[in-house]
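Residue-level structure breakdown
Listed below, chain by chain, are the residues.
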Amino acid sequence: MNLFEFSEAFAAMIDTALTAWGLYFTAVSGYLIAAYLVGDKLTRSQLLITSTLFVVIALSMTFTSFGLSERAIQLEIEFEGERDALDSVSYIMLTAQLLGILAALKFMFDIRKPK
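Please read these numbers as outputs of a predicted model, since none were measured by experiment.

**A few points about the overall build of the protein**
Within the protein, the regular secondary structure consists of 3 helices and 0 strands. Reading the secondary structure of the protein in the N-to-C direction produces α-α-α. A compact globule built from 115 residues should have a C-alpha radius of gyration of about 13 Å, whereas the protein, at 18 Å, is more than 25% larger. Here the C-alpha coordinates of the protein stretch approximately 60 × 20 × 15 Å along the principal axes. Scored against the burial criterion, the 115 residues of the protein give a buried share of 32%. Here the contacts in the protein between residues at least 6 apart in sequence split such that 83% fall between residues at least 24 apart. Of the accessible surface of the protein, which amounts to about 7,400 Å², a share of 70% is contributed by carbon and sulfur atoms. In the protein, the 8 positive side-chain charges and the 12 negative ones have mean positions that sit 27 Å from each other.

Structure, rendered in structure tokens:
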């Protein structure tokens, strides 16, 4: 693989991973806005449907961004032959996204059960 092929493949994977991040943030933002505006008015079945769809979409985007980031890092390692300091960023992103999903769910349930 030459430098051009590497650069093109690496950029495509990182670009798609960042697009998945954007879709993740869109899903989280939409869920939080819905929770804030109508969370206390939702029936149990509406809550279950909304939360399930949110979790499925958010997890899909989380694992998409993680998988593509990891593949880009592996491609970089194959091309350059060594790891660098930024190669653990995909795990930090994965952790942040998973914690974000849990935080959004907690926010919804806090809205539904005010003190």
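There's plenty left to go through after this.
**Some details on the side chain of E70**
Within the secondary structure, E70 sits in helix 2 (residues 44-80). Residue E70 is classed as buried on the basis of its relative accessible area, which comes to 15%. Looking at E70, its side chain comes within polar contact range of the side chain of S90, at 2.3 Å. Ignoring anything within four residues of it in the chain, the contact list for E70 reads D87, S90 and Y91.

**Looking at the pattern of salt bridges**
Throughout the structure, instances matching the rule amount to 2 salt bridges. With its nearest N and O atoms 2.7 Å apart, the salt bridge here joins D110 to K106. Remark: K106 and D110 occur in helix 3 (residues 89-112); sequence separation between them is 4 residues, near one turn of the helix. We classify D110 as partly exposed; its relative accessible area is 41%.

**Overview of the packing of helix 1 (residues 3-38) against helix 2**
Between helix 1 and helix 2, the least distance of the axes is 8 Å, while the angle of their chain directions is 160°. By the angle between their directions, the pair helix 1 and helix 2 is classed as roughly antiparallel. In terms of crossing hand, the pair formed by helix 1 and helix 2 is left-handed. Residues belonging to the contact of helix 1 with helix 2 are distributed by class as follows: 22 nonpolar, 7 polar and 2 charged.

How each quantity is defined
Residues numbered from 1 in each chain as written. Predicted model: local features only at pLDDT ≥ 70, side-chain atom pairs only at ≥ 80, totals over all residues. Heavy atoms only, no water. Helix = DSSP H or I, 4+ residues; strand = E, 2+ residues; numbered from the N terminus. Rg over C-alpha atoms; globule rule 2.2 N^0.38 Å. Buried < 20%, exposed > 50% of the residue type's maximum accessible area, 1.4 Å probe, protein only. Contact = heavy atoms within 4.5 Å. Areas by Shrake-Rupley, 256 points an atom, 1.4 Å probe, with all protein chains shown as cover. Lys, Arg positive; Asp, Glu negative; His and termini not counted. Charge placed at Lys NZ, Arg CZ, Asp CG, Glu CD. Polar contact = N/O pair within 3.5 Å; in protein donor to acceptor, adjacent residues only side chain to side chain. Salt bridge = Lys/Arg side-chain N within 4 Å of Asp/Glu carboxyl O. Axes fitted to C-alpha atoms, helices over the stretch in contact; angles between N-to-C directions. Parallel < 35°, antiparallel > 145°, perpendicular 65-115°, else oblique. Left-handed = near helix turned anticlockwise from the far one by under 90°. Nonpolar A, V, L, I, M, F, W, Y, C, P; charged D, E, K, R; others polar.

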